[in-house]
Amino acid sequence: MPVRVGVVVFPGSNCDRDTVHALDQAGAEPVVLWHEQASLDGVAAVVLPGGFAFGDYLRAGVIARFSPVMRAVTAFAQDGGLVLGICNGFQVIAEAGLVPGALLRNRSLRFLGRDVHIAAERLDTPFTHALAAAGQPLRMPIAHGEGCYFGDDAALDELETARGVLFRYVDAAGERAADDDRAANPNGSLRAIAGVISPRGNVAGLMPHPERAAEAILGSDDGAGIIRSLVDSAAKAAAGESPIAVGAR
Amino acid sequence: MTLAERPVEPLHRRLGVTDDELVAIRERLGGREPNDLELAMFSVMWSEHCSYKSSKPLLRTLPTAGEGVVAGPGENAGVISIGDGLAVAFKIESHNHPSAVEPYQGAATGVGGILRDIFTMGARPIAVLDALRFGDPADARTRHLVDGVVRGVGGYGNCVGVPTVGGELVFDPSYQGNPLVNVMAIGLMEERRLTLAVAPGPGNLVVLFGSTTGRDGIGGASVLASATFTDDDPSKRPSVQVGDPFAEKLLIEASLELIERGLVEGLQDLGAGGITCATSETADRAGTGILVDLDAIPRREPDMEPFEVMISESQERMCATVRPDRWDAVREVCERWGLPVAVIGTVTADGDIAITSGGVEIARMPASALTSDAIVHERVGTAPTHRRAAPAPGAAEEPVDRLPERGMDPGAVLLGLLGSANLASRRAVFEQYDSTVGADTVAGPGHGAAVLRVKGTTKALVATTDGNQAVGMLDPYLGAALSVAEATRNVSITGARPLGITNCLNYGDPTRPEAFWQLQEGVRGLGDACRALGLPVTGGNVSLFNEAPTGSIAPTPEIGVVGLLEDIATLVGPAFAADGDTILLLGETTQGLAGSAYAALAGVAAEDGPPALDLGREAALQACIREAIARGLVASAQDVSGGGLAVALAECSIWSGLGATVRIGVADSPAVELFGESPSRIVVSASPRHVPALQLLARQHGLPVATIGVVGGDRLVIELAGAGATGAAESRGSRVADALEAAVADLAHAWDHGLPRALGWEGLA
């Protein structure tokens, strides 16, 4: 039986259908979770998809975090449940404090939609274990106006010490992007951070869109490994196994 | 002059209604005088924008029948079947004048309006293309407009989650005072969900849902869209609507749910003319009337006058016809999506739009008088005396020395063209758009037509917009026909079959005979081209009065095309594919540099004209390339258009990183061979083993075909040979008469940096 993976829909979510499609392609049974519901319907993992929840009015993610469903997601995460936030979903879980850091406006102060390369820092997580190798460049789109990952030096040091950086922006050859490398790190994220993972290792967020790069026909299927990792991990969680594959860094 | 000193005009004139039109309104009211509310309603509905009163007689001449057409002109969008029970809805519309006044909101609400036309039909919007035209890119006001319009298109489209996958950005001095913002939207639907904008069944409820009604956009159709700009008039600013993409996103989801669950009998979006337009059009189409309870309309501000409520163009509103037993379900859906919803009237059998407030009837008029029976003007068109005729088909071409470039390095010309504001990469603009949301974008903006896969099938939709204003300025008939030819060719070179045409006709003041003649000629060219290519026109929009104190815009027929590729595995792109592939030119180069990008850069001889178009040849060419692609003979296919053959080859190289060595014969002018924009030509690359089959196929279609070179290396080399070569390179010691040679990296650099440089955007990422 396919594992049930929830996809939260806020008013203004607009990647929910894409995420449902990608999960379906990866063999999961996607379950739509409406923002007003207080329960997660027994899903084994939750994805918060991209979009403009509540129009991103005021600040991206800041209103959505107060939705009833976010209380359930927070409790689920505190209980060790798997949560992945993509783009606006990352902004929501950062606002909710489920992962460290903040996402500021892009350095150019403009929305940016283009392909980037990211590389996983670690493979021993529920979100990356199915990737072929750490450090390998994965091509997928970004599409956001507020994706500049920010924290003060101490917080970033702490994040790195705790191995909390999950993805970094890299160039096509896999070299880590400089903060001011507008080609490889277009939003100007500090330390080229594209995605982070919670200290406990069960909540992760990233700005790029793996669900838009999960089929070869779309020009890249590099994102499929991230989706597949999540679905495999969710299946293990549903079977009562530890979802975190302990493996090579 | 202060307001008090202004001579007081009668109300009808202040509302843009002429004295003749007032007489016609009285006739439709049985001889009585309209009251102020009725007059206001007539003024918006009889505006050019809503009534098409000048263009209707011309539009009737366009072909509208075609294979698979499910809904054509007159509906909110054209709908064409693509098989498997699916259909595609598409339409293009202008938002020129609002964008000139307030570029961000003008463009944003342009996107919002065209999206509503799509989901009103029951289709989920899957793509937007924006065709933008501005004046001099170095001018500060142009830069302000470009920045605002681009942010507006992105700000709205990105938020609603519909990818912006293509379009155009053209700079021409004629748009200096009057930019064009034309937006095309495409939707995908199950054919059985087709929903029409009708109000059937007396006794049914008329339900308004979405945003509340405010004072924004009062008289947008009559004040903004249907008058020329006397100046940058701040008094028109309140007429610009304000968009809320978040509300639109909710409106999309709620509307599609209502349709999917079969809860509505008819659905109409509110655009120009607001509630007046939505009620009168749906009633008139159904042969019914509507009794509107003005007091039931949810407002966003107090003390609104009845006429303000009735003609407000507040955005993000929909009007549904609902059976009384389904009202509770409709209300539940709207409330779940957080949308205000109210019953604002009932369908009647009397054919009238009647309005009550406080239990008193305050207006009544036949629905047809506002819409199908609105006034039609037979305008007069007169060709200008300075008109330059295109060469008659088959006329002998007089050999003229058209060599302003003699002694000029053709490589430098090519770099100049690639880096020019109109031909350089549009990346700096389209990167501000989300082009991949929806996870269907196979080919996004930047390299020819957009390609979207259709999930659950092997099919893909291919879409493009094109408009040729430069030739249109010289010959509006030819400009329109060339626009259709180029747009459809761009679809055919992917292997897709064009399904139909939508058009946005941007012209000047129709009361000026020369401007009206341009519109007449444009429609004639559009019709002839569509008939020759066997394509229906399924809808569109007419934008007139595009004039500023600096003059009228160039006639701009913007053509949107959607094509169907049955098997996405056969898709062919424009970039070269592999070293060693043979390069062929399908079709042949003909005379005429006027109206080309080269002419804009280098000038042309005074007696030169634009290139001729042979529509039969064009149809054969497109059929040939589609067949060649379906048979797997083609590795890449690129249309020859702006900048001519040299730019087409350069783009094939830049986009692939593969060089090429090409040798072309010159009949009498290297400029024509390299940079001429004669139509009906395609650069094809193919594996050498497929070349004989391609040549045979071309002959079967009656088309000239020449093997012109080979893909490979990291340089683009174009050798010119023949009687017409200038000898310039020979005198420099080259072994050929002329040669153009450049590193692909240099071509790419010129192409990449041209637009940011032109707009002063170098500092942006």
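Given the structure is predicted, the values throughout are model-derived calculations rather than measurements. (Residues numbered from 1 in each chain as written. Chains lettered and ligands numbered in written order. Predicted model: local features only at pLDDT ≥ 70, side-chain atom pairs only at ≥ 80, totals over all residues.)

### Describing the overall build of chain A
When you go through chain A residue by residue, the secondary structure sums to five helices and eleven strands. Over its C-alpha atoms, taken along the principal directions, chain A stretches across nearly 45 × 40 × 40 Å. Among the 249 residues that make up chain A, the fraction classed as buried is 59%. Restricting to contacts in chain A with at least 6 residues of sequence separation, those with at least 24 account for 77%. (Helix = DSSP H or I, 4+ residues; strand = E, 2+ residues; numbered from the N terminus. Buried ≥ 20, exposed ≤ 12 C-beta atoms within 10 Å, placed from the backbone. Contact = placed C-beta atoms within 7 Å.)

### Thoughts on the interface of chain B and chain A
Between chain B and chain A, the residue contacts involve 26 residues of the former and 25 residues of the latter. When contributions to the side of chain B that touches chain A are tallied by element, the ones reaching two or more residues are α8 (140–160), α10 (245–260) and β14 (441–443) of chain B. No other element matches the four residues that α8 of chain B contributes to the side of chain B that touches chain A. Across the side of chain B that touches chain A, the residue classes break down as twelve nonpolar, nine polar and five charged. (Nonpolar A, V, L, I, M, F, W, Y, C, P; charged D, E, K, R; others polar.)

### Considering the packing of helix α19 (residues 513–533) of chain B against helix α21 (residues 615–630) of chain B
Residues and elements named next belong to chain B. The N-to-C vectors of α19 and α21 enclose an angle of 45°; their axes lie 9 Å apart at closest approach. In terms of orientation, α19 and α21 fall into the oblique class. Handedness of the crossing formed by α19 with α21: right-handed. Counting all contacts with α19, which are made through Asp528, Ala529, Ala532 and Leu533, the residues of α21 involved are Leu615, Gly616, Glu618 and Ala619. Across the contact of α19 with α21, the residue classes break down as five nonpolar, one polar and two charged. (Axes fitted to C-alpha atoms, helices over the stretch in contact; angles between N-to-C directions. Parallel < 35°, antiparallel > 145°, perpendicular 65-115°, else oblique. Left-handed = near helix turned anticlockwise from the far one by under 90°.)

### Description of the sheet that holds strand β3 (residues 45–48) of chain A
Residue and element names in this part refer to chain A. Spatially, nine strands are ordered β2-β1-β3-β4-β11-β10-β9-β6-β7 in an open sheet, and the strand pairing comes out mixed. The outermost strands of the open sheet, each flanked by one partner alone, are β2 (29–34) and β7 (138–144). Sheet twist, expressed as the average angle between the axes of neighbouring strands with direction ignored, equals 25°. In this structure, strand β9 (residues 165–170) lies alongside strand β10 (residues 193–197), joined through three bridges in antiparallel fashion. (Pairing = 2+ DSSP bridges.)

### Observations regarding the sheet that holds strand β1 (residues 69–71) of chain B
Sheet strands associate in pairs through backbone hydrogen bonding, adopting either a parallel or an antiparallel arrangement. Residues and elements named next belong to chain B. Across the sheet, six strands lie side by side as β1-β2-β3-β6-β4-β5; this open sheet has mixed pairing. Strands at the two margins of the open sheet, each flanked by one partner only, are β1 and β5 (164–171). The average angle at which neighbouring strand axes cross in this sheet is 20°, direction not considered. Across nine bridges, the pairing between strand β3 (residues 86–94) and strand β6 (residues 180–190) is antiparallel. Looking at the pairing, Lys91 lines up with Ala185 of β6. Where helix α7 (residues 103–119) meets the sheet, its contacts fall on β3, β4 (124–134) and β6, and the angle it forms with β6 comes to roughly 25°. Against the sheet, α8 touches β4, β5 and β6, its axis set at about 180° to β4.

### Details of the pairing of β9 of chain A
The side chains of a regular strand alternate between both faces of the sheet. Residues and elements named next belong to chain A. In terms of burial, β9 is a largely internal element, six of the six residues being buried. In this sheet, β9 lies alongside strand β6 (residues 112–120) in antiparallel orientation, the contact comprising four bridges. Bridge assignment links Ala119 to a residue of β9, and that residue is Arg168.

### Notes on the nonpolar core
Here is a general trend for soluble globular proteins: nonpolar side chains tend to be buried in one another's company. Residues Ala234 of chain A together with Val88, Leu418, Val484, Leu586 and Leu649 of chain B are the most contacted members of the largest nonpolar core, which totals 338 residues. The contacts of Val484 of chain B, once residues within four sequence positions are left out, are Ile501, Leu526, Ala529, Cys530, Leu533 and Ile559 of chain B. (Core = buried A, V, L, I, M, F, W, Y, C linked by C-beta atoms within 7 Å.)

### Let's talk about the confidence of the model for chain A
The predicted model of chain A has a mean per-residue pLDDT of 93, with 97% of residues at 70 or higher. Confidence drops under a pLDDT of 50 for residues 245–249 of chain A, and excluding neighbours within four residues, the segment shows eleven contacts in the predicted structure. (pLDDT = per-residue confidence, 0-100.)

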